[in-house]
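Structural overview for review
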Number of protein chains: 2
Amino acid sequence: MEQPNRSPLYRQVREALMRRLVDGHWRAGEALPAEPALAAELGVSQGTVRRALGDLAQINLVVRRQGKGTFVAEHTRERALFHFFHLVGDDGKRALPGSRVLAVKAGPATREEARRLAIAAGAKVVRLHRLRMLDGHAAIVERIVLPAALYDGIERLDRAGLPNELYKLYQDRYGVSVARAAEKLKATNAGPEDAAHLGLRSGAAVLEIDRIAYALDGRPCEWRVSRCDTASHHYVSEVV
Amino acid sequence: MEQPNRSPLYRQVREALMRRLVDGHWRAGEALPAEPALAAELGVSQGTVRRALGDLAQINLVVRRQGKGTFVAEHTRERALFHFFHLVGDDGKRALPGSRVLAVKAGPATREEARRLAIAAGAKVVRLHRLRMLDGHAAIVERIVLPAALYDGIERLDRAGLPNELYKLYQDRYGVSVARAAEKLKATNAGPEDAAHLGLRSGAAVLEIDRIAYALDGRPCEWRVSRCDTASHHYVSEVV
DNA sequence: TAGTGGTCTAGACCACGCT
DNA sequence: GCGTGGTCTAGACCACTAT
């Protein structure tokens, strides 16, 4: 391992492995080479590789299993739901959302969309509008904006072709792995349209979740605004 | 280090150190013994102590500084604000909240309060009602419930004696260190009283943050419900 | 039995903060 | 100069998984 800069070796190893993950050098779910192989290849000790892999496991980019190996993290249904979906029933049970796509449209990005997705103004985006169900009734209205450059042809998927867990679709079909997300929450009074979709009176309080999802390489890959009826559900957040 | 169970050594060391932190064996801000001293005392290698201390640093129970030592984490003003306070201005600037105490009262816990704080029904609690300012105008109404057993005589503090950063007060004066918190968020329509405090019309959407704070030993030490005007601020959440 | 990751140790050297 | 935590190595042994 050459040392172009003054950062610790384990960090250089971590970044090198991360580059390969970003490049798609290994597919989601695939096993990485074993520690001794990586150590030999990179010219560092096994301990240094361990440290780097441990860091990657910590941020959920890889999964390590004793006796089996180290694997590229996958967006399983579980992970998509439990890791990135924070609405739970007031009784503490996780409600599994269903979803119904209302519209899919492509078009040039507005200034705001371009800013949030860090793309050029006017670049093509695909907009999804969908309704999600919790415990059988409509509880979330979602407006999703995708940079079309990352998801070639996604606007031609019919509504049945768009699964409930979009993050798994992004990963499996387009090679876009969502690594992290930043959410901004507000309480707002529902407008007439959202209220109608959610079966609420206009002006009812809804929780607005504005989320930018970032891909492995750190670039925004989705902007999603969800307006949620929190009458019998709530958003959970743990602070350590 | 004896091995009563089959857990890894570093975990046993971590728990042993944690017990001392919980017991108040070291005060907030105080330096722990250096690694070699701890290793010798516990009969393990320095590497094992390092791993345990690293874990404790990760969950913010201690702070490690190269060349200086390892210190018990303190609730500085910074930490209280940036770690546990998640409302920021829509312009991205952190608004530093001021606060005005409206009422302090002691009384027996309701069933709900007892349940949330994991204390006996009817046990004495202290209730605080306060208003917090963001950028100069009232933006948050807070109702705080404390188990009186942990905060002897806190209800006799005058309003001037109750600082803006309560967590630092809990730690400095009562030895209660908030280690983590669980928050539940909902959007609700403001009732007449909250609306009046916040200068909103009745029925305006407000963000309700329901937080249980846990002390080092894992027991609840505060129940706080904050109702926030999110017209020009929002709650931030990072998902990794 | 062989290969994987997980734990634990011992020791070397480095970077930082003090005095 | 000395003590602190930070990095890096090499090697031993353990626990789990597969064949």
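In case you missed it, the structure is sitting above this.
Residues numbered from 1 in each chain as written. Chains lettered and ligands numbered in written order. Predicted model: local features only at pLDDT ≥ 70, side-chain atom pairs only at ≥ 80, totals over all residues. Heavy atoms only, no water.

In screw terms, the move from chain A to chain B is a rotation of 180° and a rise of 0.0 Å along the axis, fitting with an RMSD of 0.0 Å. Taken together, the rotation and translation describe the operation of a two-fold axis. Counting the interface residues of chain A, we find that 100% of their copies in chain B are interface residues as well, pointing to one common contact surface. (Least-squares fit on C-alpha atoms with pLDDT ≥ 70 in both. Contact = heavy atoms within 4.5 Å.)

In this section: the side chain of Arg20(A). Residues and elements named next belong to chain A. Turning to its location among the elements, Arg 20 is positioned in helix α1 (residues 9-23). The exposure class of Arg 20 is buried, given its relative accessible area of 18%. Arg 20 has contacts with His 25, Trp 26, Glu 41 and Leu 42, leaving out every residue within four places of it along the chain. (Helix = DSSP H or I, 4+ residues; strand = E, 2+ residues; numbered from the N terminus. Buried < 20%, exposed > 50% of the residue type's maximum accessible area, 1.4 Å probe, protein only.)

All names here are of chain B. Following both chains from N to C, one finds helix α2 (residues 35-42) and helix α3 (residues 46-58) inclined at 110°, their axes separated by 8 Å at the closest point. In terms of orientation, α2 lies roughly perpendicular with respect to α3. Contact residues: Glu 35, Pro 36, Leu 38 and Ala 39 in α2; Gln 46, Val 49, Arg 50 and Leu 53 in α3. By residue class, the composition of the contact of α2 with α3 is five nonpolar, one polar and two charged. (Axes fitted to C-alpha atoms, helices over the stretch in contact; angles between N-to-C directions. Parallel < 35°, antiparallel > 145°, perpendicular 65-115°, else oblique. Nonpolar A, V, L, I, M, F, W, Y, C, P; charged D, E, K, R; others polar.)

Now for the sheet that holds strand β7 (residues 178-189) of chain B. Pairing is antiparallel in the open sheet, where eight strands are placed in the order β3(A)-β10(A)-β7(B)-β8(B)-β9(B)-β6(B)-β5(B)-β4(B). Two strands in the sheet have a free side with no partner beyond their single neighbour: β3 (87-89) of chain A together with β4 (98-108) of chain B. Adjacent strand axes in the sheet meet at a mean angle of 25°, parallel and antiparallel pairs treated alike. With three bridges joining them, β3(A) and strand β10 (residues 233-239) of chain A adopt antiparallel strand pairing. When the sheet's bridge partners are listed, Gly89(A) is paired in β10(A) with His233(A). Packed on one face of the sheet, helix α6 (residues 166-174) of chain B meets β5 (124-134), β6 (137-147), β7, β8 (205-215) and β9 (220-228) of chain B and runs near 165° to β9(B). (Pairing = 2+ DSSP bridges.)

So, about the packing of helix α1 (residues 9-23) of chain B against α3(B). All names here are of chain B. One can describe the packing of α1 onto α3 by two numbers: an axis separation of 8 Å at closest approach and a directional angle of 55°. Looking at the two axes, α1 sits oblique to α3. Relative to α3, the crossing made by α1 is right-handed. On α3, the residues that touch Leu 9, Tyr 10, Val 13, Arg 14, Leu 17, Met 18 and Leu 21 of α1 are Thr 48, Arg 51, Ala 52, Leu 53, Asp 55 and Leu 56. Split into classes, the residues belonging to the contact of α1 with α3 amount to nine nonpolar, one polar and three charged. (Left-handed = near helix turned anticlockwise from the far one by under 90°.)

Let us now look at the protein's contact with DNA strand C. Close contacts around DNA strand C come from 20 residues, with Gln66(A), Leu9(B), Tyr10(B), Ser45(B) and Thr48(B) the closest. In DNA strand C, the atoms that sit within 4 Å of the protein are 83% sugar and phosphate, with bases accounting for the remainder. Here a base oxygen of DNA strand C and a backbone polar atom of Gly67(A) are 3.1 Å apart. Listing elements by their share of the surface near DNA strand C, those giving two or more residues are β1 (62-65) and β2 (69-72) of chain A together with α1 and α3 of chain B. Residue composition of the surface near DNA strand C, grouped by class: five nonpolar, eight polar and seven charged. (Near = heavy atom within 4 Å. Polar contact = N/O pair within 3.5 Å; in protein donor to acceptor, adjacent residues only side chain to side chain.)

Attention now moves to the layout of surface pockets. In this model, the largest pocket occupies a volume close to 780 Å³. The wall of the largest pocket is formed by 14 residues, among which Arg51(A), Asp55(A), Gln58(A), Arg51(B) and Asp55(B) lie closest to the centre. Contributions of two or more residues to the lining of the largest pocket are made by α3 (46-58) of chain A together with α1 and α3 of chain B. Top element by residues in the lining of the largest pocket is α3(A). It accounts for seven residues. Partitioning the lining of the largest pocket into residue classes produces two nonpolar, five polar and seven charged. (1 Å grid on protein atoms, 1.4 Å probe; cavity = no way out; pocket = protein on both sides within 12 Å on 5 of 7 lines; lining within 4 Å. Points joined across faces, edges and corners; volume = space filled by probe spheres on them.)

Taken together, the contact between chain A and chain B spans 35 residues of the former and 35 residues of the latter. Here chain A meets chain B over a buried area of about 2,700 Å², counting both sides, of which 49% is carbon and sulfur. Its largest share of buried area at the contact with chain B, chain A owes to Lys186(A), Val239(A) and Val240(A), together 24% of the area lost on that side. Seen at the junction of chain A and chain B, the total is four salt bridges. At the surface where chain A touches chain B, the tally comes to 28 residue pairs in polar contact (both at pLDDT 80 or more). Breaking the side of chain A that touches chain B down by element, the ones donating at least two residues are α4 (77-84), β7 (178-189), β8 (205-215) and β10 of chain A. With 11 residues, the top contributor of residues to the side of chain A that touches chain B is β7(A). For the side of chain A that touches chain B, the per-class residue count stands at 16 nonpolar, 12 polar and seven charged. Across five bridges, the pairing between β7(A) and strand β10 (residues 233-239) of chain B is antiparallel. Residue pairing across strands places Ala181(A) opposite Val239(B), the latter belonging to β10(B). (Buried area = accessible area lost by both parts, 1.4 Å probe. Salt bridge = Lys/Arg side-chain N within 4 Å of Asp/Glu carboxyl O.)

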